[in-house]
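# Structural overview
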Amino acid sequence: MSKDLNFASQAVFYDPEEHSQSISYPIYMSANFQYAGDIYDQIVDGARKEVNIYSRCGNPTEYKLEEHIAKLTGGTACLATASGMAAISHALFGILKAGDHVVADLTTYSSTHEFFDHRAQDFGLKVSLVDCTDVKAVEAAFTDKTKVLYVEAIANPTMKVPPLRALVELAHSRGIVVICDNTFASPAVCRPHDFGVDVVVESATKFIGGHNDAVGGVITLKSDILPADWVEDVRWNTLNKLGAPLSPFNAWLLLRGAQTLALRLEKQCANARALALHLEKHPKVKRVFYPGLESHPNYESAKEQLKDGGAMLSFRVADEASGVRLLKRLQLCSFAASLGGLRTTTQVPATMAFLDIPSQEREAMGVVDGLVRFSVGIEHIDDIIADVDQAIEQMHIDL
Ligand code: PLP
């Protein structure tokens, strides 16, 4: 029945637990499971997910989260992982082998970028970093060894929105798998599978969880290129071997958070839009990047692919020191590393998340000094704007 429900209802609803009919799904806080009855024989005969073996291989609370997220993302299967970075690395290691080539967007989350730029080469992978809003540049970067095209639905922190349908069409014509990190959008704002993306990865730590209290990641599949059992293959042959399972308690927190995803994002997107419009008129703000604004360079792609402008925005002030002073002056909004929670959190990406990337390189990515990033929360918009205004006004006063 839940297939016919609207997104907000799907987010709230899941079947109660079979034995107790508990509406809040239980936390199976168990690392180990007893081989009762004929379970030993079933495992020898090949049973894996159908039986509980050991929580590094899977846990019922984690499976419930996976079932729920597959539904919300429009995927056919889901695998939960210990973090967003574990989702990204496991998706890549689940497809790539030494000698393979990847085309990735030049602007991705700092740890993803560093993986592509440095670590990937240690495993014999070759990576080309290109601006994936430029379909011709992507086509020119493909080689006969290219196996994966990797983009972010809304890029962290430049807010670039690549044209998913055109990229998918190009990649699929050469049998290349498209992976999209949907962290900045969340399934409430974008469903990359609806545009043909094969694998969606997401830091559930952010909007899916929504409360800044649990680290986790999800991988979902909907693909004609990868086999239908790819997710189970990654669970057994990659995650189980590399060892980054989601804890049952975090699975429960993320499942609880996901139930209010639609409600939270409706409010967060409305607040972000109002703040973006306000900042666009502010004399001390040089430029605002918000996918819901007509001034956004990829506004057409954003209109097609995003249900709303999202809850993330960035803007430029004079320089990095001014940005830091601004954030230190905030009283309601928090100066913090992460994003996607109920509270407005904010950072200066160049000298926070992207600190380890040389300045010339991060400038080429668009992560310039003086760029300020906001993850807009559910507070009253008048209070957010008042807080930002007072901080901007005092931006040039030494503390
Ligand atoms: N992808 C994006 C776009 C992110 O912003 C982040 C973290 O900020 C990650 C992935 C990594 O997620 P996690 O911190 O859960 O590993």
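Quick look at the structure, then. It should be emphasised that the depicted structure is a prediction, and the values quoted were computed from it without experimental measurement. (Residues numbered from 1 in each chain as written. Predicted model: local features only at pLDDT ≥ 70, side-chain atom pairs only at ≥ 80, totals over all residues. Heavy atoms only, no water.)

## Examining empty space enclosed by the protein
Our working rule: Using a grid of 1 Å spacing that covers the protein atoms alone, one calls a set of points a cavity when a 1.4 Å probe fits there but cannot get out, and a pocket when the set is open and has protein on both sides within 12 Å along at least five of seven lines; lining residues are those with an atom within 4 Å of a point. Grid points are joined across faces, edges and corners, and a volume is the space filled by probe spheres set on the points. Gly falls in the polar group here, along with every residue not listed as nonpolar (Ala, Val, Leu, Ile, Met, Phe, Trp, Tyr, Cys, Pro) or charged (Asp, Glu, Lys, Arg).
In total, this model carries one cavity of 30 Å³ or more according to the counting rule given. Taken as a whole, the largest cavity encloses approximately 40 Å³ of empty space. Lining of the largest cavity is provided by Arg48, Val51, Asn52, Ile53, Tyr54, Cys57, Gly58 and Tyr63. By residue class, the composition of the lining of the largest cavity is five nonpolar, two polar and one charged.

## Observations regarding the nonpolar core
Rule in force here: Side-chain atoms within 4.5 Å link the members of a nonpolar core, which is a set of buried Ala, Val, Leu, Ile, Met, Phe, Trp, Tyr and Cys residues. Any residue under 20% of the maximum accessible area for its type is buried, any over 50% is exposed, and the rest in between are partly exposed; the area is computed with a 1.4 Å probe on protein chains only. Working definition: helices are DSSP H or I runs of at least four residues, strands are E runs of at least two. Numbering for both runs from the N terminus. Note that the domain bounds reflect an automated or database-derived domain assignment. Residues are treated as being in contact if the distance between any of their heavy atoms lies within 4.5 Å.
Judged by nonpolar contacts, the single largest core of 44 residues is most densely connected at Val138, Phe142, Leu149 and Leu265. Counting residues per element, the ones that place at least two in this core are α1 (7–12), α6 (135–141), β4 (146–152), α7 (164–172), β5 (177–181) and α10 (261–280). When residues of this core are sorted by domain, at least three fall in each of domain 1 (2–258) and domain 2 (262–398). Not counting residues within four places of it along the chain, the set of residues in contact with phenylalanine 142 comprises Val103, Leu149, Leu170, Ala171, Arg174 and Ile176.

## Some words on the side chain of histidine 90
To keep it simple, the criterion reads: Pairs of N or O atoms within 3.5 Å make up the polar contacts considered here, provided that, within protein, one atom can donate a hydrogen while the other can accept it, and that residues adjacent in sequence are counted only when both atoms are side-chain atoms.
With respect to the helices and strands, histidine 90 occurs in helix α4 (residues 84–93). By relative accessible area, which is 3% here, histidine 90 ends up buried. Here serine 89 takes part through its side chain, which lies 3.5 Å from a polar atom of the side chain of histidine 90. With residues near it in sequence (within four places) discarded, histidine 90 still touches Ile219, Val234, Thr238, Leu239, Leu242 and Ala244.

## Brief notes about helix α9 (residues 248–258)
For α9, a buried count of nine out of 11 residues is recorded, marking the element as mostly surrounded by other parts of the structure. Buried within α9 are the following residues: Pro248, Asn250, Ala251, Trp252, Leu253, Leu254, Leu255, Gly257 and Ala258. For α9, the secondary structure elements touched by its buried residues are α1, α3 (60–73) and α10.

## Topic: the pattern of salt bridges
Short version of the rule: Every case where a carboxyl oxygen of Asp or Glu lies within 4 Å of a side-chain nitrogen of Lys or Arg is listed as a salt bridge.
The final tally for this structure, using the stated rule, is 15 salt bridges. Between aspartate 105 and lysine 160 there is a salt bridge, with its nearest N and O atoms 2.8 Å apart. Here aspartate 105, found in strand β2 (residues 101–105), pairs with lysine 160, found in the loop between β4 and α7; they are 55 residues apart in sequence, far enough to count as distant. What makes aspartate 105 buried here is its relative accessible area of 3%. For lysine 160, a relative accessible area of 15% gives the class buried. For lysine 160, the salt bridge identified is with aspartate 131, shortest N-O distance 3.1 Å. Separated by 29 residues along the polypeptide, lysine 160 in the loop between β4 and α7 and aspartate 131 in the loop between β3 (126–130) and α6 bring together distant segments of the chain. Here the salt bridges share partners, and the residues they tie into one network are Lys49, Glu62, Glu66, Glu232 and Arg235.

## Notes on the packing of α4 against helix α8 (residues 230–242)
Going by this rule: Axis geometry follows a simple rule: fit a line to the C-alpha atoms, using only the stretch in contact for helices, then measure angles between N-to-C directions, giving values from 0 to 180 degrees. Any angle that is under 35 degrees is reported as roughly parallel, and any over 145 degrees as roughly antiparallel; angles of 65 to 115 degrees are reported as roughly perpendicular and all others as oblique. Each crossing is labelled by how the near helix is turned from the far one, with a counterclockwise turn of less than a right angle marking it left-handed and a clockwise turn marking it right-handed.
The contact between α4 and α8 brings their axes to 10 Å, and the two run at 110°. Taken together, the axes of α4 and α8 are roughly perpendicular relative to one another. Viewed along their axes, α4 and α8 form a crossing whose handedness is right-handed. Every residue of α8 that contacts α4 at His90, Ala91 and Phe93 is listed here: Trp230, Val234, Thr238, Leu239 and Leu242. For the contact of α4 with α8, the residue count by class is six nonpolar, two polar and no charged.

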